[in-house]
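If you want the building blocks of each chain, they are given just below.
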Amino acid sequence: MKVIETINLSKIFEGVVPVHAVNQVNLSIEDNEFTAIVGPSGSGKTTLLNMIGGLDRPTSGTIKVNQIALNELSENELINFRLKHIGFVFQSYNLIPVLSAKENAEFVMLLQNIPAKDRIARVEALLKEVGLEDKMNNRPSQLSGGQQQRVAVARALASKPDFVLADEPTANLDSKSAENLLDIMHRLNKEEGITFVFSTHDQRVIDRARRVITLEDGKIISDVIQHEN
Amino acid sequence: MIFKVAWRNIWRHKVRSTVVFIAIALGLWAGLFTSAFTHGMMNQKIDSVIKMEMSHFQIHKPGFREELQVKLLMNDGENIVQAIQEEKEVIGVSGRIVTMAMLGSANKNGSVRLNGINPDDESIVTGINEKLVEGEYFRGVERNPILISRKIAEKYKVKIKSKVVLTMQDMEGNIVAGAFKVVGLFDTQNGMYDELNVFVRRDDMARLLGVGNSLHEIAVLLGRHDMAESMADKYQHVYPKLEVLPWMDLSTGMRMMIEMMDTYTFIIVGIILVALLFSIVNTMLMAVLERVKEIGMLMSIGMSKTRVFMMIVVETICLTFLGAPLGILLSYGSISYFGTHGINLGDAAYADMGFSNVIYPSLEYMDYLVVSMMVIIMAVLAAIYPAIKALRLKPVEAIRKI
Ligand SMILES: Nc1ncnc2c1ncn2[C@@H]1O[C@H](COP(=O)(O)OP(=O)(O)OP(=O)(O)O)[C@@H](O)[C@H]1O
Ligand SMILES: [Mg+2]
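The following paragraphs examine the structure supplied in this document. Computed from a prediction, not measured in an experiment: that's the story for all the values here.

The rules behind the values
Residues numbered from 1 in each chain as written. Chains lettered and ligands numbered in written order. Predicted model: local features only at pLDDT ≥ 70, side-chain atom pairs only at ≥ 80, totals over all residues. Heavy atoms only, no water. Buried < 20%, exposed > 50% of the residue type's maximum accessible area, 1.4 Å probe, protein only. Helix = DSSP H or I, 4+ residues; strand = E, 2+ residues; numbered from the N terminus. Pairing = 2+ DSSP bridges. Right-handed = clockwise from strand over helix to strand, strands pointing away. Phe/Tyr/Trp six-rings, centres within 6.5 Å; stacked < 30°, edge-to-face > 60°. Lys NZ or Arg CZ within 6 Å of the ring centre and 35° of its normal. Contact = heavy atoms within 4.5 Å. Buried area = accessible area lost by both parts, 1.4 Å probe. Salt bridge = Lys/Arg side-chain N within 4 Å of Asp/Glu carboxyl O. Polar contact = N/O pair within 3.5 Å; in protein donor to acceptor, adjacent residues only side chain to side chain. Axes fitted to C-alpha atoms, helices over the stretch in contact; angles between N-to-C directions.

### Things to note about the pairing of strand E7 (residues 163–167) of chain A
All names here are of chain A.
Alright, step 1. Across the 5 residues that make up E7, a large majority, 5, are buried.
Alright, step 2. A two-sided burial pattern is seen for E7, the buried positions comprising Phe163, Leu165 and Asp167 on one face and Val164 and Ala166 on the other.
Alright, step 3. In terms of strand pairing, strand E6 (residues 86–89) meets E7 through 4 bridges, oriented parallel. Each residue of the ladder has a partner; that of phenylalanine 88, found in E7, is leucine 165.
Alright, step 4. The pairing of E7 with strand E8 (residues 196–199) spans 4 bridges and is parallel. Within E8, the residue paired with aspartate 167 across the bridge is serine 199.
Alright, step 5. Read as a crossover between parallel neighbours, the route from E7 over helix H6 (residues 175–192) to E8 is right-handed.

### With respect to the packing of aromatic side chains
One pair of aromatic rings is described through two measures. These are the centre distance and the angle between the planes.
Residue and element names in this part refer to chain B.
Alright, step 1. Under the definition given, this model contains 13 aromatic pairs over all chains.
Alright, step 2. Ring centres of phenylalanine 33 and phenylalanine 338 lie 5.9 Å apart, and the angle between their planes is 70 degrees; on these two criteria the pair is classed as edge-to-face. In this pair, phenylalanine 33 sits in helix H2 (residues 14–54) while phenylalanine 338 sits in helix H13 (residues 305–341), placing the two residues 305 residues apart along the sequence.
Alright, step 3. Judged by relative accessible area, which is 28%, phenylalanine 338 ranks as partly exposed.
Alright, step 4. Above the ring of tyrosine 156, the side-chain terminus of lysine 108 is found at 5.6 Å from the ring centroid.

### Some points on the side chain of B:Ser300
Alright, step 1. Mapped onto the elements of the fold, B:Ser300 is located in helix H12 (residues 292–300).
Alright, step 2. Those residues in contact with B:Ser300 that lie beyond four places of it in its chain are A:Leu55, A:Arg82, A:Phe88, A:Phe90, B:Pro395 and B:Ile399.

### Considering the interface of chain B and chain A
Alright, step 1. The interface is formed by 23 residues belonging to chain B together with 32 residues belonging to chain A.
Alright, step 2. Of the roughly 2500 Å² buried between chain B and chain A on both sides combined, carbon and sulfur atoms contribute 68%.
Alright, step 3. Note that A:Glu103 and B:Lys4 form a salt bridge whose closest N and O atoms lie 2.9 Å from each other.
Alright, step 4. Applying the counting rule to chain B against chain A returns 7 residue pairs in polar contact (both at pLDDT 80 or more).

### Topic: the sheet that holds strand E9 (residues 211–216) of chain A
All names here are of chain A.
Alright, step 1. Taken together, 6 strands build an open sheet; the order of strands is E6-E7-E8-E3-E9-E10 and the sheet is mixed. Since the sheet does not close on itself, it has two edges, and those belong to E6 and strand E10 (219–225), each with one partner. Neighbour-to-neighbour, the strand axes of the sheet open up by a mean angle of 15 degrees, direction not taken into account.
Alright, step 2. In this sheet, E10 lies alongside E9 in antiparallel orientation, the contact comprising 6 bridges.

What follows is the structure, encoded as structure tokens:
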């Protein structure tokens, strides 16, 4: 089943020299994919992911998430849509500094009005899955960069999204932590069937992806399935 | 959870929040205490105005109060006094004859307000007998006794048993004079009053003026302050040809002063709150601006605008409510303490302005309630601008900054 579909998607940043950040992109992503968006700096990875995530509006073209056209949603509907359908992992500043790992992961379920009893159970299970069962009460400042990103993954999954978008989730991590984060994401993809779409520069991360989409100057220049696991 | 986040965010900057906290507490305290002080001063002034000067209401011939013309007499004054005395709410009625007179001693001459009174009635209405510091209340001197204040005694260099001469105009406009013997000295603590008023027996004065049983002034003391206006109104209807006025209309500016006092607390506290408002807005604005990325992230993951708005409002209210209860408690404590023990201003000049020199601050519960409401409104107002600032954030731009 198609989770994400873009049709002739374009984004032009107006300026002295207009920038064609995303240029006529047609793309479709199926359920259970583990896909990397790669390409040199400025090739349009962030812009593309932001539009797919409903954070930014395209200049032209359509984005459909689970058959719902995002352009037809109002600002407030879009916020609600993000809350219900998409999990986000950013490069940094993923967490609320004054809340513990547990509370951070719980927060998104609170926004979804899930009762406290269910929240606690789910959060504890998720933090266990990302290997943080003994750090649940630590604040972000008491966690390493890699641990913070793992909390962010748990938080992204807590809302039971259709897919998880991650823009350079490993950019601020050392290679061992990056490896570890990828292991967790990969396992969640295989065992729980979670769809991941992430952008990256890192060749070792690219190697782990099943499908690799390469952008250059806002255009897809290659789209390959590297391996089946 | 929103409360938890708000609460913990406040303590992210301990010093900054503590400064706001202390500013709010001290500001409220200063405002409430100042107004309690002024209230106390006013209440005492009102009390003394009623007890000493005006009673609850007075009756005169129209125009008498302006120039104290001897001719403007109420011929059936005694009957009116009798009639009012029957009233249930009435504690005492004093019928007087009043005129301006020249008081002369061996050392000095000056003008005074000469009150001819019935000593028994007057003691009930103004309690002037209790203010005696020397001598006796119209006892011990048979002929023409006079009661003067200690202030006048010092000024005119006279003592108990000294002789003074009172000179005035009678009904026909002739100058008449009488010799009086000082029988007692009083001190009401109200300098202005003391320098002006002297008391003699009404009969003695009536003989000099030739006014017989008629009266110039009838002063009535009631059981309750708040009955003054309605009672005055009632008797104005009974005696339409006379002028019946409650105490607040007897002295110029009094009514305005009282009405101003009712709003005084709120004006003072309002000004302080407006000043505090700016410091809170400033603090919250800083809190929002330094959290642009965090707020952008929250909006990205799906926090609604209403919730973002609420988050900032709750945080502002928490920040405000940290200081407000302390300020109100501090006020309540200090007002209660000084309300029973009093604040002694020493021999300050207040006494001469008709204010007492020991002030008992007081504030009504209603005032605390209204002030608390004002604080809540202020906190919400203070939150609005920073909250709107937060809402204006575009998640993509905030995220880009990451
Ligand atoms: N808000 C903006 N206004 C104008 N130009 C922008 C804006 N955001 C991005 N761009 C431009 O759009 C192009 C694509 O940017 P984008 O951030 O999507 O690239 P990227 O592939 O994510 O790069 P990186 O690997 O460095 O993160 C760039 O040329 C960039 O300068
Ligand atoms: Mg990027």
